[in-house]
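Report on the structure
The lines below spell out each chain.
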Amino acid sequence: MDIFDRARRALGDLAQSASTQATVLQLQTRMGEIQTELERQYGEAGHRARELWRARVFTDSDFEILMTRITSLQQELDQLRAQVDEVYQADQQPRSGVCAECGRSLEPNDGFCRRCGAEAPSGGSGAPSSPPD
Ligand SMILES: [Zn+2]
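**Structural notes on the overall build of the protein**
When helices and strands are tallied, the protein shows two helices and zero strands. Burial status across the protein gives 2% buried among its 133 residues. Contacts in the protein between residues at least 24 apart in sequence constitute 13% of all its contacts with a sequence separation of at least 6.

Right under this line is the structure:
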């Protein structure tokens, strides 16, 4: 075997491993596609089963348990989402009745925080405070 044969052989091995990698990549891509399609089909089946369950056509105790769990998870998710909104809004705009600087509760007529002296937010639900002199 001369040097050219060896080189050719090395190139052949390289090409083969490259094509193996390409094949594996193709297979992985296809597997990913199938997985995505499977999830879509599962979602479709779940959606259909939910419709039947709502129409009281499909009655299965296991499914009942599953739907109860899903419903309670959905409610928990909604509550958490609402909490996130609340936290976000509280962060964005100072709540009336609480000092924006230190968080001390304010009396409705307080123009300034009694702890840190920050200006109390005007407006809100209470009566408008008179401007400080
Ligand atoms: Zn304060």
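**Here we look at unusual backbone geometry**
Here Arg56, not a glycine, exhibits a phi torsion of approximately 60°, which is positive. By the C-beta count within 10 Å, which is 7 here, Arg56 ends up exposed.

Rules of the game
Residues numbered from 1 in each chain as written. Predicted model: local features only at pLDDT ≥ 70, side-chain atom pairs only at ≥ 80, totals over all residues. Helix = DSSP H or I, 4+ residues; strand = E, 2+ residues; numbered from the N terminus. Buried ≥ 20, exposed ≤ 12 C-beta atoms within 10 Å, placed from the backbone. Contact = placed C-beta atoms within 7 Å.

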